[in-house]
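# Reading the structure
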Amino acid sequence: MGLFKRTPKEVDKNVKDQDLNIVAQEGEELLNELKNSTKKKDSFFEKVKNGLSKTRKNISGKIDDVISSHRKIDDELFDELEEILITADVGIVSTMKIIENLKERAKNEKITDPHDLKNLLKEEVKNIMLNSVDNNTLELEPSPSLILVVGVNGVGKTTTIGKLAYNLKNSGKSVLLAAGDTFRAAAIDQLMTWGNRANVEVVAHQEGSDPAAVIFDAIKKAKAKNIDVLICDTAGRLHNKSNLMNELNKIFRVVEKEYPEATKEIILILDATTGQNAINQAKVFKEVSNITGVILTKLDGTAKGGIAIALQTELNLPIKLIGVGEGVEDLQPFDLDVFIDSIFE
Ligand SMILES: Nc1nc2c(ncn2[C@@H]2O[C@H](COP(=O)(O)OP(=O)(O)OP(=O)(O)O)[C@@H](O)[C@H]2O)c(=O)[nH]1
Ligand SMILES: [Mg+2]
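Residues numbered from 1 in each chain as written. Chains lettered and ligands numbered in written order. Predicted model: local features only at pLDDT ≥ 70, side-chain atom pairs only at ≥ 80, totals over all residues. Heavy atoms only, no water.

### Description of the confidence of the model for the protein chain
For clarity, the cut-off: Confidence of the predictor in every single residue is expressed as pLDDT, which spans 0 to 100. In what follows, residue pairs with any heavy atoms lying within 4.5 Å of each other are defined as contacts.
Scored by pLDDT, the protein chain has a mean of 90; 89% of the residues are at 70 or more. Contacts for the low-pLDDT stretch residues 1-14, under 50 throughout, to residues beyond four places or in other chains number 15 contacts.

Here you go:
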């Protein structure tokens, strides 16, 4: 965006009070814009940090307690740290690896004060997460792109699609939604409501119709209207793995055949409050589809945020976005540094 609408030289040529007023006004606009962008950054950190407060208490709070109750570094201390990570849903395999690396580093770096362990532990958690996936960005380039959203009932699929549509639209992209959850009329209505809120069109058929047909029509429309991002909702009935597989496979075939040029994301939505259950869901969905990333919702309501670590390190699923509340601003990109700081401070 052009902040100064004229160059300083042009102003020089024509120094009138009126011009000076305009320059002053434009300078003020620039300042406000800068202030707003800083505020936005601050509010991103704040939102994630606030959202993760229960998890922070569960991990960082307990680590502090254990560390301050030990005068020296010994196996008992490592065992207690291990227990904290396991009970915080970090996952057994990852926890073992983290603690093993921590022991090794403490020995090599000749650490003797238990208080110095916390920072090392924080670094080891970050390292293992960093080394488990290529990156955490939602890939929407090159345009056009298609995001297929999957996950079981109630995890937050439709709400997340609504928030995503709203944010992408606001960032200047054209967005189209496909009501691929045709199981209940209410699911279609809910997506329509979000479409209205985000000012984004929704392609929908009647309740009970074939989801693959809805997505077929949506792809046709996305092509005709040069849409940047098509986001498809799906139903998440998991009572039978082969049913789920059949339904998803039909959708995948339509997407592959009708939209080969699109950049694709298959995003699994998981509800962080369900802890180990979310891990089990991820395993099933990974078996039946090529999940490209996870959006972890409801982190604001749980102390189980450690599952982000297990998902990324044990299932190699990159966390792409996180939900830290019900509002449109509460869907945030997953930034590893911010996440680690938020749970360790
Ligand atoms: N606190 C909180 N609530 C959330 C978040 N994300 C979603 N929700 C809430 O979770 C509930 C279920 O969300 P839906 O979007 O309807 O879930 P769904 O996966 O589409 O559910 P089905 O269509 O029944 O399969 C709603 O009340 C949402 O407001 C979040 O990040 N934080
Ligand atoms: Mg839904």
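### Notes on the site of ligand 1
Selection criterion: Proximity criterion: a residue is near a molecule or strand once any of its heavy atoms comes within 4 Å of it. As used in this structure description, the phrase polar contact means that two N or O atoms lie within 3.5 Å; if the pair is within protein, one of them must be able to donate a hydrogen and the other to accept it, and residues adjacent in sequence are counted only when both atoms belong to side chains. With residues, only the protein chains shown are counted as cover, and all accessible areas are computed by Shrake-Rupley using a 1.4 Å probe. Under the DSSP-based scheme used, a helix requires at least four consecutive residues in state H or I and a strand at least two consecutive residues in state E, with every element numbered from the N terminus.
Taken together, 19 residues form the shell around ligand 1, and within it Lys-157, Thr-158, Thr-159, Asp-300 and Glu-326 come nearest. Contacts to ligand 1 include Gly-154, whose backbone N or O atom sits 2.9 Å from an oxygen atom. In the environment of ligand 1, an oxygen atom lies 2.5 Å from a nitrogen or oxygen atom belonging to the side chain of Glu-326. Coverage of ligand 1 by the protein chains reaches 80% of its 660 Å² of free accessible surface. For the shell around ligand 1, the element with the highest residue contribution is helix α7 (residues 157-170), accounting for 4 residues.

### Quick notes on helix α5 (residues 92-108)
Put simply, the rule reads: To estimate how far a helix should extend, the number of its residues minus one is multiplied by 1.5 Å. Using a 1.4 Å probe on the protein chains alone, a residue whose accessible area is under 20% of its type maximum counts as buried, one over 50% counts as exposed, and one in between counts as partly exposed. Starting at the helix axis, one direction is taken to each C-beta atom, and the arc is that of these directions.
Over its 17 residues, α5 extends 24 Å from the first C-alpha to the last, a length consistent with the 24 Å expected when each residue adds 1.5 Å. Within the sequence span of α5, burial applies to Ser-94, Thr-95, Ile-98, Ile-99, Leu-102, Arg-105 and Ala-106. One side of α5 holds all its buried residues, which, seen down the axis, span an arc of 125°. Along α5, the residues that are exposed and aim more than 90 degrees away from the buried face are Ile-92, Val-93, Glu-100, Lys-107 and Asn-108. Where α5 is buried, its residues meet α4 (75-87), α6 (117-130) and α12 (307-314). Once α5 finishes, Lys-110 follows within two positions and takes phi at roughly 50°, a positive value.

### Here we look at the layout of surface pockets
Spelled out, the test is: With a 1 Å grid laid over protein atoms only, a set of points is called a cavity when a 1.4 Å probe fits there but cannot get out and a pocket when it is open yet has protein on both sides within 12 Å along at least five of seven lines; lining residues have an atom within 4 Å of a point. Grid points are joined across faces, edges and corners, and a volume is the space filled by probe spheres set on the points. An automatic or database domain assignment supplies the residue ranges for each domain.
Approximately 740 Å³ is the volume found for the largest pocket. In terms of lining, the largest pocket is formed by 28 residues, of which the most central are Asn-167, Leu-321, Leu-331, Gln-332 and Pro-333. Those elements that provide at least two residues to the lining of the largest pocket are α2 (17-51), α7, β7 (319-323) and β8 (331-333). Sorting elements by how many residues they give to the lining of the largest pocket places α7 first, with 5 residues. Both domains that meet at the lining of the largest pocket, namely domain 1 (8-50) and domain 3 (145-344), each give it at least three residues.

### Considering the sheet that holds strand β2 (residues 175-178)
Adjacent strands of a sheet pair through backbone hydrogen bonds, lying either parallel or antiparallel. What counts, and what does not: The pairing criterion for strands is at least two bridges between them, as found by DSSP. Every axis corresponds to a line fitted to the C-alpha atoms, with the helix fit spanning only the stretch in contact, and the corresponding angles, defined between N-to-C directions, vary from 0 to 180 degrees.
Spatially, β3-β2-β4-β1-β5-β6-β7-β8 is the arrangement adopted by the 8 strands of the open sheet, whose pairing is mixed. For this open sheet the edge positions go to β3 (201-203) and β8, each flanked by a neighbour on one side alone. Along the sheet, successive strands turn relative to each other by an average axial angle of 25°, direction set aside. Along the sheet, α7 contacts β1 (145-150), β2, β4 (229-232), β5 (263-271), β6 (293-297), β7 and β8; its crossing angle with β4, the most-contacted strand, is approximately 170°. Against the sheet, helix α10 (residues 241-258) touches β1 and β5, its axis set at about 180° to β1.

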